[in-house]
Amino acid sequence: MSTNINASLNSILPAWTAGDRLDSWKEIATYLRREVCTVQLWEKKEGLPVHRHFHQQLGSVYAFRSEVDRWRREVSRHRSSLNEPESATASTGERIVIRVLPLKNLRSDAAWDELCKMVAAKTAVELERLNPERLAVLMQEPASAEEPASTTVSESEAGYALRWTAEQDGAALKISAELVCVPTKKAEWSHIYRADRKDWDTAPQQIAQQISQCLWLKMVYRPRNVAPERRRQEMKAREAYLKGRYFWEQRNEEGLKKAVQFFKTAIHEDPGFALPYSGLADSLTLLSFYEILPASQIMPAARKAAVRAVELNPDLAEAHASLADVMLHFDRDWQGAEHEYRRTIQCNPSYALGYHWYSNLLAARGQHDAAHIAIMNALEIDPVSIITLVWAGVTSYLARQFDEAIRHYRSALELAPDFVWAHMYLAQALEQKGDLKDALKEFETAIRLARGNHCIMAMKAHTHALAGDNIVAREMLRDLKTVTSAGCLPSYDIAATYAALGEPNRMIAWLNRACHERNMKLFTLPQDPRFDSFRRRDDFKEVVAQIGLARM
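As the structure is a prediction and not an experimental result, all values here were calculated from the model. (Residues numbered from 1 in each chain as written. Predicted model: local features only at pLDDT ≥ 70, side-chain atom pairs only at ≥ 80, totals over all residues. Heavy atoms only, no water.)

Novice: Hey, could you run me through the overall build of the protein chain in this one?
Specialist: Helix and strand counts for the protein chain stand at 24 helices and nine strands. Residues counted as buried form 55% of the 552 residues belonging to the protein chain. Carbon together with sulfur atoms contributes 50% to the accessible area of the protein chain, which is approximately 25500 Å² in total. (Helix = DSSP H or I, 4+ residues; strand = E, 2+ residues; numbered from the N terminus. Buried < 20%, exposed > 50% of the residue type's maximum accessible area, 1.4 Å probe, protein only. Areas by Shrake-Rupley, 256 points an atom, 1.4 Å probe, with all protein chains shown as cover.)

Here it is as structure tokens:
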């Protein structure tokens, strides 16, 4: 009898098994791929089914996946009936409020107080500039400095607080900052910044930019599934586009040229389909970046394709990312690129490539902490992306974190032992560590896999120069100048080799040539360790000014 009763109950009650249960705000938020603040707002505003234990422990909550899924389906159907976009909650219910608390100076000194006020004011300005539609910045007056952060933001808002202190560190100012999610009191991010006294004229703006970029990346990061373009593509066009992306991912000359043809086929089949234009722009950009074809020959077409993709679908993340990459690498429009990268992330916070490419711009500016956050966001979305692992290494390399860079490159090679660019960049990191013998071995492997890529050969010549093999380095440079087709010389890496050979005039001449040719690797010049010995030279500063960074 008891068995029959249990069977009847099991047929009526929901199948709430242990695997169905989510036992904390964090687990609920992770399941919904949102921040804890957002999920708590959904419970209050939109009826997200969250249960509480009946005991005295505060904040002890749980939910069931089955109930959450049912709620999500009902919300989605309701929005569809109102003809609202799927991302309506993200655009209307998730306006982020950040309370900037006073920057507390732990040293009683009027000059330091003034410096702290400048940093706080400039940080607020930078935060407001980043995304005024979705980000409200509230400055708290110094008189309220002791007020607990949890009481500074309305319970109905998804709120954050920036808490920070400043203190003396020798002759430097040290600022310890952290971003706190107000409802949970959890620190979402923290970092320490230092500014030497000699840099105090520029330090407030630089610190403000770095903090604001880090906070924006932390607050805007909301991975979600975004549907493809909302129009019915012809099957042939969709198939051609997907084949193009498959070959584009291979990141070699043969694959990129095949990708170009498939994207052109997709455009021919459906001229109103935006994604193939983005794919075409990305393929042409990589053909130029890897110095397979001259930038001046193909990048105007890349720009045209990217612009067309944006025109066809202004809300397509891929289109904005393609345009941003053209602006960064070819147009040298750093401000325009920044705007387009951020637009990419706003259109689709789950598009890994948006964070990946944005990290390039941040690293080039020297905003290494923000660059690290961006590339880690990309890896969280796509943890087995070979090229993202490689560029996580490049981001660390430009921050002079060579051991970390090597770790990322080796992780990529575990997944793809024959990936050319992982071997090439691993060799470069080993070189900077002083392991020249292993660096030369990795360059040999990369040259073999790439079938004699000229930029890899130029980078290998740099290692020979560092090792004191000047004759070998010069012979390699001479061979490159002889055999490389006109317009495709790896001018940037040739300049680096002349730097290692101790010939600054030739280095500058080749950097100027790289600028004239619009070499796509020039964006790394402000941070590339290979040029560190020459950064104070006026002619070197002039080259940096040419690429546009000096105007940022």
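Novice: When you look at the packing of helix α12 (residues 317–331) against helix α14 (residues 352–365) in this model, what are you seeing that I'm missing?
Specialist: A pair of packed helices can be characterised by two numbers: the angle between their axes and the separation between those axes. Between α12 and α14, the least distance of the axes is 10 Å, while the angle of their chain directions is 25°. For the element pair α12 / α14, the angle class is roughly parallel. Here the hand of the crossing between α12 and α14 comes out left-handed. Only Trp357, Asn360 and Leu361 of α14 make contact with α12, whose side of the interface consists of Ala321, Ser322, Asp325, Leu328 and His329. (Axes fitted to C-alpha atoms, helices over the stretch in contact; angles between N-to-C directions. Parallel < 35°, antiparallel > 145°, perpendicular 65-115°, else oblique. Left-handed = near helix turned anticlockwise from the far one by under 90°. Contact = heavy atoms within 4.5 Å.)

Novice: Quick question: what am I supposed to make of the nonpolar core here?
Specialist: Here is a general trend for soluble globular proteins: nonpolar side chains tend to be buried in one another's company. Counting residues in each nonpolar core, the largest one holds 163 residues, and the members touching the most others are Ile98, Trp164, Leu217, Met507, Leu511, Leu525 and Phe531. Those residues in contact with Ile98 that lie beyond four places of it in its chain are Leu127, Leu135, Ala136, Val137, Leu138, Tyr160, Leu162, Leu179, Leu215 and Met219. Judged by nonpolar contacts, the second largest core, of 13 residues, contains Trp25, Ile28, Ala29 and Ala63. (Core = buried A, V, L, I, M, F, W, Y, C linked by side-chain atoms within 4.5 Å.)

Novice: Would you explain the pattern of salt bridges in this entry?
Specialist: Inspection of every chain in the model, using the stated rule, returns 24 salt bridges. A salt bridge links Asp403 to Lys433; the shortest N-O distance between them is 2.7 Å. Highlighted residues: Asp403 in helix α17 (residues 402–415) and Lys433 in helix α18 (residues 420–433), separated in sequence by 30 residues. Judged by its relative accessible area of 45%, Lys433 falls in the partly exposed class. (Salt bridge = Lys/Arg side-chain N within 4 Å of Asp/Glu carboxyl O.)

Novice: For this particular structure, what's the right way to read helix α10 (residues 274–289)?
Specialist: Because each turn of an α-helix spans 3.6 residues, side chains separated by three or four positions end up pointing in the same direction. Here α10 is 16 residues long and its end C-alpha atoms lie 23 Å apart, about the 22 Å a rise of 1.5 Å per residue gives. Counting buried residues in α10 gives 16 out of 16 residues, a clear majority hidden from the surface. Just downstream of α10, Glu291 is the residue with a positive phi angle, here 60°. (Expected span 1.5 Å × (residues − 1).)

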